Amino acid sequence: MKYISTRGGVEPLSFLDAVMMGLAADGGLLLPERIPVVTGAQLAAWEKLSYPELAARIFSLYIEDEIPAAELERMIAASCAAFDQPQVVAPLVQTGAIHILELFHGPTLAFKDVALQFLGHLFAWILSRRREKLNILGATSGDTGSAAIYGLRGKENINIFIIHPHGRVSPVQERQMTSVLDDNVFNIAVEGSFDDGQRIVKEIFADLDFKLRHHLGAVNSINWARVMAQIVYYFAAWLQLPATAREKVEIVVPSGNFGNIFAGYLAKKMGLPLKRLVLASNSNNILYHFITSGVYQRDTVVPTWSPSMDIQVASNFERYFYYLMGEDAGEVRRQFSRLDQTGRITVTGAEQQRVQEDFAAGYADNDSTLATIAAFQAETGYLLDPHTAAGVKVARERQAASREKLTSICLATAHPAKFPAAVARATGISPPVPPALQGLEQRPTRMTVLPATTPAVKEFIAAKLAAREPG
Ligand SMILES: *Cc1c(COP(=O)(O)O)cnc(C)c1O
């Protein structure tokens, strides 16, 4: 399988090169040149597979023979072993009229673990074969940073530097990151905001000489391997439904950067019989507006109870837009340069109709997020985190408004114990602390506090790398 850019400016790449490139060199995003199709007979044959077996089937459609089967299976098994139930990974739980796909049983209790555990093993395998090194640099406001650290801790030929704003991430998130003491993990707390951290990362990547000399790379949500890894649980969710509930299935996805739901779109395109994908936003609802009105417009971000969905632009949206434009890279280029100039894209009526054949959307503001957590707990006894609650709110609205009987699967993207303040405020209940978070306060931690300047961070990275590789 070859990989191409949404903007058409990259020579077709192998899977392994696409993973190492991350963002396409022409500023676009990488996609497989065609979407493999899964037939009804194949799907039926996948019924009895464990999660790791299912992942191996799906990945090999995109990787073909670039990774020997036994090696791929070893990497998948090692990734799944980081989850509470390695053979299941993502259990489907029925609560009243809604099925919840629990994606939070990994080491940092959020769905990003599913892809980042695999990406860590994949990077390590590629680097050792190519005798290369990779130093990951990223800025985090919480979630992605800890999932990336857990994915890459202890891996050969990789170091990871994660910048967070000192004292401005939640205490649980800070401790999750800083209590990882592997020699290849460096937590940098800058005396500034999340935006300062992002600016520093951007400035360091813009210094191409520094970037190349220190083998710097990123692990953000635009890496193709992360999207690919997320396709699997859409199939796993559908296969866990009782056979009688497999028609008129909608999967509801709490969304920020459009990475998770885009994987669902690919699953549908591959042949998974879903009626629709339903996007759930919080008050930062540019994607809701796009799906319902055909206008994609940048906006300012307001803080909410579901911080991992607080986004201004959706970095994976361009991948979907490429298909909406009929795989016309020239049109994607033109529309995205218009977005740069005017801050908005408007699609035609016919295009909007196509969007709505695949997607529906809704959103939950802060009050309705907390109200949903409270009502769902009272009715079913199940505690939702605020991200998942946005999805459940939207699923209930759709069920109430639909004349036919829908099967709704809501993706649970985080464990409620990760957001205890919101859950307690909504319900008066402190979510039970899962083993991954137990004793977090007592664990030793390591981080370096630096001024929020690019030279200070560069100097730190250079010094640490020099110390790790004498000579
Ligand atoms: C990252 C994240 C999201 C948003 O996922 P996208 O792929 O960016 O749409 C939703 N919920 C939680 C808990 C997250 O960590």
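Residues numbered from 1 in each chain as written. Predicted model: local features only at pLDDT ≥ 70, side-chain atom pairs only at ≥ 80, totals over all residues. Heavy atoms only, no water.

A. The arrangement of the site of the ligand in detail. Contacts to the ligand come from 15 residues, most closely from K112, D143, G256, N257 and T413. A distance of 2.7 Å is found between an oxygen atom of the ligand and a backbone nitrogen or oxygen belonging to G256. Interatomic distance of 2.7 Å between a backbone N/O atom of N257 and an oxygen atom of the ligand. Its residues placed into classes, the shell around the ligand shows five nonpolar, eight polar and two charged. (Near = heavy atom within 4 Å. Polar contact = N/O pair within 3.5 Å; in protein donor to acceptor, adjacent residues only side chain to side chain. Nonpolar A, V, L, I, M, F, W, Y, C, P; charged D, E, K, R; others polar.)

B. Spotlight on helix α17 (residues 386-401). With 16 residues, α17 ought to run about 22 Å at 1.5 Å a step, and its terminal C-alpha atoms sit 23 Å apart, in line with that. Of all the positions in α17, only P386, H387, T388, A389, A390, G391, V392, K393, V394 and A395 are classed as buried. (Helix = DSSP H or I, 4+ residues; strand = E, 2+ residues; numbered from the N terminus. Expected span 1.5 Å × (residues − 1). Buried < 20%, exposed > 50% of the residue type's maximum accessible area, 1.4 Å probe, protein only.)

C. Spotlight on the pattern of salt bridges. The tally for this structure, following the rule as stated, stands at 17 salt bridges. The partner of R130 in a salt bridge is D17, with the nearest N and O atoms 2.9 Å apart. With R130 in helix α5 (residues 112-130) and D17 in helix α1 (residues 15-21), this pair connects stretches of sequence that are 113 residues apart. Given the relative accessible area of 31%, D17 is considered partly exposed. Residue D207 is joined to K458 by a salt bridge in which the shortest nitrogen-to-oxygen separation is 2.6 Å. Placement of the pair is D207 in the loop between α8 (194-206) and α9 (208-213) and K458 in helix α19 (residues 454-468), with a sequence separation of 251 residues. (Salt bridge = Lys/Arg side-chain N within 4 Å of Asp/Glu carboxyl O.)

D. Main features of the packing of aromatic side chains. Tallied over the entire structure, the rule returns 26 aromatic pairs. Ring geometry for F290 against F317: centres 4.9 Å apart, planes inclined by 80 degrees, an arrangement best described as edge-to-face. Here F290, found in helix α12 (residues 286-293), pairs with F317, found in helix α13 (residues 317-324); they are 27 residues apart in sequence, far enough to count as distant. Taking the relative accessible area as the measure of exposure, F317 reaches 1% and is therefore buried. Linked through ring pairs, F258, F262, Y265, F290, Y296, F317, Y320, F321, Y322, Y323, F336 and F359 together constitute an aromatic cluster. The ring of W238 carries R246 above its face, with NZ or CZ at 4.6 Å from the centroid. Directly above the ring of F210 sits K458, whose terminal nitrogen or CZ lies 5.4 Å from the centroid. (Phe/Tyr/Trp six-rings, centres within 6.5 Å; stacked < 30°, edge-to-face > 60°. Lys NZ or Arg CZ within 6 Å of the ring centre and 35° of its normal.)

E. Up close: the environment of A412. Position of A412 relative to the elements: it lies in strand β14 (residues 407-412). On a C-alpha basis, the gap between A412 and N285 in space is 19 Å, while along the polypeptide they are 127 residues apart.

F. Fine view of the environment of L450. Examined against the element boundaries, L450 turns out to sit in strand β15 (residues 448-451). Looking at L450, the relative accessible area reads 12%, which means it is buried. Separated by 179 residues in sequence, L450 and G271 place their C-alpha atoms 50 Å apart. Not counting the four nearest positions on each side in its chain, L450 is found in contact with I188, A189, V190, E191, A456, V457 and F460. (Contact = heavy atoms within 4.5 Å.)

G. Representation of the sheet that holds strand β7 (residues 185-191). A sheet is described by the order of its strands in space; here five strands give the open sequence β8-β5-β6-β7-β15, paired in parallel fashion. Sheet topology places β8 (216-217) and β15 at the edges, where each strand pairs with a single neighbour. Packing of helix α6 (residues 143-152) onto the sheet brings it into contact with β5 (134-139), β6 (158-165) and β7, and relative to β6 it is tilted by some 160 degrees. Relative to β5, α8 is tilted by about 145 degrees, and along the sheet it contacts β5, β6, β7 and β8. (Pairing = 2+ DSSP bridges. Axes fitted to C-alpha atoms, helices over the stretch in contact; angles between N-to-C directions.)

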